[in-house]
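The chain contents come next:
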Amino acid sequence: GDWSSDVCSSDLHTFVDASEKAFAAVCYLLITSSCGERHNSLVIAKTRVAPLNDKCLTLPRLELQAAVLGVRLQNTVKRELKFELSITPTCCHFWSDSLIVLQYIRNDTKRFKTFVANRVSEIRESSDPEQWHYVPSALNPADDATRGLSPGDLTQDHRWFRGPEFLWGSEDM
């Protein structure tokens, strides 16, 4: 039914991932009604091709680049939701399957080299470490963007469009 006037919460969930080929971020808006019905939809996604000949861009650094892309993307979505639809998200979450990136973001004591320090600083300017969560690769929709999908795989009910099932409350992570 149409319960759009009965919105209890609207949460942004941004998933990030990287591979040797690319890094990506994908953002979903999860709306929950006062009676607990959920609707989750893809808002925006962005993918960048990884530089081919840059030996300094290790996989952890590419994962960090994906996290930066994720906070930038979510900032854009929050701004657009506010100005275009007068929606302010109730909560904002970020999801990564990189434990190294999550450790970078949560670390308050270790000093990082310039590349890492600059990116962690940008991430922390736009998000709190508590907003960052671990998601297994198998449940991370951003993984679809960095590994590549064939057009035939993208059915209407594919997780790329719907988001992972655990956001719908029908499956535990």
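In this report, we go over the structure that sits alongside the text.

Thresholds applied
Residues numbered from 1 in each chain as written. Predicted model: local features only at pLDDT ≥ 70, side-chain atom pairs only at ≥ 80, totals over all residues. Heavy atoms only, no water. Core = buried A, V, L, I, M, F, W, Y, C linked by side-chain atoms within 4.5 Å. Buried < 20%, exposed > 50% of the residue type's maximum accessible area, 1.4 Å probe, protein only. Helix = DSSP H or I, 4+ residues; strand = E, 2+ residues; numbered from the N terminus. Contact = heavy atoms within 4.5 Å. Salt bridge = Lys/Arg side-chain N within 4 Å of Asp/Glu carboxyl O. Pairing = 2+ DSSP bridges. Axes fitted to C-alpha atoms, helices over the stretch in contact; angles between N-to-C directions. Polar contact = N/O pair within 3.5 Å; in protein donor to acceptor, adjacent residues only side chain to side chain.

Turning to the nonpolar core, a few remarks are in order. Side chains of a nonpolar character, in soluble globular proteins, are inclined to be buried together. With 24 residues, the main nonpolar core has Phe23, Leu62, Leu64, Val116, Ile123 and Trp132 as its most contacted residues. Within the residue set of this core, elements represented by two or more residues are strand S1 (7-18), strand S2 (22-33), helix H1 (59-85), helix H2 (99-106) and helix H3 (114-126). Per-element accounting of this core gives the leading share, eight residues, to H1. Judged by nonpolar contacts, the second largest core, of nine residues, contains Tyr28, Val135, Ala142 and Leu167.

What follows deals with the side chain of serine 9. Within the secondary structure layout, serine 9 lies in strand S1. In this structure serine 9 touches Leu30, Ile31, Thr32 and Thr90, once residues within four positions along its chain are discounted.

Taken as a whole and assessed by the stated rule, the structure comprises six salt bridges. Ionic pairing is found between arginine 147 and aspartate 17, a salt bridge with its closest N-O pair at 4.0 Å. You can see arginine 147 sitting in helix H4 (residues 142-147) and its partner aspartate 17 sitting in strand S1, a full 130 residues away along the chain. For aspartate 17, a relative accessible area of 0% translates into the label buried. Residue aspartate 143 is joined to arginine 147 by a salt bridge in which the shortest nitrogen-to-oxygen separation is 3.1 Å. Highlighted residues: aspartate 143 and arginine 147, both in helix H4, separated by four residues, approximately one helical turn. What you see here is one network of salt bridges that share partners, running through Asp17, Asp143 and Arg147.

Consider a sheet: its strands pair through backbone hydrogen bonds, and that pairing is either parallel or antiparallel. Spatially, the five strands line up as an open sheet ordered S3-S2-S1-S4-S5, and their pairing is mixed. Edge strands, defined here as strands with exactly one partner in the open sheet, are strand S3 (38-49) and strand S5 (132-134). Strand-to-strand, the axes of this sheet are offset by a mean angle of 25°, without reference to chain direction. The pairing of strand S4 (residues 91-96) with S5 spans three bridges and is classified as parallel. The residue of S5 that forms the bridge with serine 96 is tyrosine 134.

All right, on to the side chain of serine 96 then. Note that serine 96 resides in strand S4. With a relative accessible area of 0%, serine 96 lands in the buried category. Within polar-contact distance, the side chain of serine 96 engages the backbone nitrogen of serine 98 at 3.0 Å. If we ignore the near neighbours within four places in the chain, the residues touching serine 96 are Val16, Glu63, Val101, Leu102, Trp132, His133, Tyr134 and Val135.

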